[in-house]
Amino acid sequence: MFLVALTGGIASGKSTVTKIFRDNGVPVIDADAIARQVVEPGRPAWHKIKAAFGEEVFHAESGELNREALGRIIFDDVEKRRVLNEITHPEIHRTIYREVIKCFFMGHNFVVLDLPLLFEIRVMLNYIHKIITVTCEEDIQVTRLMDRSQYTEAEAKKRIKAQMPLELKCEQSHFVIENSGTLRDTEEQTLKILAILQDSNQHWKIRGVIFATAALLVSSIAWLLNYKYKWFNSN
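What counts, and at which threshold
Residues numbered from 1 in each chain as written. Predicted model: local features only at pLDDT ≥ 70, side-chain atom pairs only at ≥ 80, totals over all residues. Heavy atoms only, no water. Patch = residues over 30% accessible without salt bridge, like charges linked within 9 Å, V, L, I, M, F, W, Y side chains within 5 Å. Areas by Shrake-Rupley, 256 points an atom, 1.4 Å probe, with all protein chains shown as cover. Salt bridge = Lys/Arg side-chain N within 4 Å of Asp/Glu carboxyl O. Buried < 20%, exposed > 50% of the residue type's maximum accessible area, 1.4 Å probe, protein only. Helix = DSSP H or I, 4+ residues; strand = E, 2+ residues; numbered from the N terminus. Contact = heavy atoms within 4.5 Å. Disulfide = S-S within 2.5 Å. Polar contact = N/O pair within 3.5 Å; in protein donor to acceptor, adjacent residues only side chain to side chain. Pairing = 2+ DSSP bridges. Axes fitted to C-alpha atoms, helices over the stretch in contact; angles between N-to-C directions. Parallel < 35°, antiparallel > 145°, perpendicular 65-115°, else oblique. Nonpolar A, V, L, I, M, F, W, Y, C, P; charged D, E, K, R; others polar.

Caption draft 1: Representation of a nonpolar patch on the surface. A cluster of nonpolar side chains, Y97, V123 and Y127, forms an exposed patch at the surface whose accessible area comes to about 290 Å². On the accessibility criterion, Y127 (52% relative accessible area) is exposed.

Caption draft 2: Just the environment of V111, in detail. Looking at the secondary structure, you find V111 in strand β3 (residues 110–114). Taking C-alpha positions, V111 is 9.7 Å from E99, a pair spaced twelve residues apart along the chain. When neighbours within four sequence positions are excluded, V111 is seen to be in contact with M1, F2, L3, V4, P27, I29 and C103.

Caption draft 3: Spotlight on the state of the cysteines. All chains considered together, the criterion is met by zero disulfides. The closest cysteine sulfur to the non-disulfide-bonded C170 is located on C136, 9.9 Å from its own sulfur. Overall, C170 belongs to the buried group, its relative accessible area being 18%.

Caption draft 4: Structural context of the side chain of T186. Topologically, T186 is positioned in helix α10 (residues 183–199). What makes T186 buried here is its relative accessible area of 0%. At a separation of 2.5 Å, a polar atom in the side chain of T186 contacts the side chain of N179. With sequence-adjacent residues up to four places away left out, T186 is seen in contact with T16, V17, I20, I177, E178 and N179.

Caption draft 5: Inspection of the sheet that holds strand β5 (residues 175–178) at higher detail. Here five strands make up an open sheet; going across it, the order is β2-β3-β1-β4-β5 and the pairing parallel. On the outer flanks of this sheet lie β2 (28–30) and β5, each paired with one strand and no other. Taken over all neighbouring pairs, the strand axes of this sheet differ in orientation by 20 degrees on average, direction set aside. Bridging between strand β1 (residues 2–8) and β3 involves five bridges; their strand directions are parallel. Opposite A5, over in β3, you have L113 as the bridge partner. Together, β2 and β3 form the strand contacts of helix α2 (residues 31–38), whose direction differs from that of β2 by roughly 45 degrees.

Caption draft 6: Structural context of the packing of helix α4 (residues 67–74) against helix α5 (residues 78–105). Where α4 meets α5, the axes come as close as 7 Å, and the angle between the chain directions of the two elements is 130 degrees. Taken together, the axes of α4 and α5 are oblique relative to one another. Taking contact as the criterion, the partners of L70, I73 and I74 in α4 are, on α5, V78, K80, R81 and L84. Each residue belonging to the contact of α4 with α5 can be placed in one class, and the counts come to five nonpolar, no polar and two charged.

Caption draft 7: Broad picture of the pattern of salt bridges. The final tally for this structure, using the stated rule, is ten salt bridges. Here E138 and K161 are joined by a salt bridge, their closest N and O atoms 3.6 Å apart. A residue pair is termed long-range when its members are at least 10 positions apart, and E138 in helix α7 (residues 138–149) and K161 in helix α8 (residues 153–161) qualify at 23 residues. Residue R184 pairs with E188 through a salt bridge whose shortest N-O separation is 3.4 Å. Taken as a pair, R184 and E188 lie in helix α10 at a separation of four residues, close to a single helical turn. What you see here is one network of salt bridges that share partners, running through E79, R82 and E86.

Caption draft 8: Representation of unusual backbone geometry within the structure. Although it is not a glycine, A11 sits at a positive phi angle of roughly 65 degrees. Along the chain, A11 falls in the loop between β1 and α1 (14–23). The buried category is assigned to A11, whose relative accessible area is 8%. Phi at R122 takes a positive value of approximately 70 degrees, unusual for a residue other than glycine. The topology assignment puts R122 in the loop between α6 (118–121) and β4 (130–135). Relative accessible area serves as the criterion here: at 44%, R122 is assigned to the partly exposed category.

Below you can see the structure in the form of structure tokens.
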């Protein structure tokens, strides 16, 4: 099984593309969804955020994280954004690894990892076989973000500027999906990429390496046990 990273900018339309993959039977691991899970009340990251940022970034009634309040803090302070990342990213990555292992044993040829900050964090780049970036025109990105999250234009632009420019992500990607047009245009681009991924035999190579490594490990353990058994009997 090989890994395909899907990235892009905030409000560039990644969720549209992941839905197309899911509708065609491809497993998608969503880093944003996992990020919401790891900060649920009572989780280790939840306690660490409370200690670092105080009660004001939580809803008083439910105890849930107030993402908007926290967002206003971290987007105005690079150091506080770093602190938050140090709290949440290790938990997020551990969960992603567990989900990948599940998909491997379920027999999937490849899995799509929805990683908005793939290039910014760079932790998983060495494990990725192909990278897809979803892009769109900046004015469309701003409008989508304002409509979706009720941000002002200035707030929307601030969040966009906090991420790596989309053109730089596109330059480092194997595939680019232009999502400024219609849903049909996006679907056609995505399905073409899907066909290429489905034709790849990379998953056989990776499984071969894994099984060969496992066989070597088992053989080594068997030889060691046999050696110890003979040594014990001879003494």
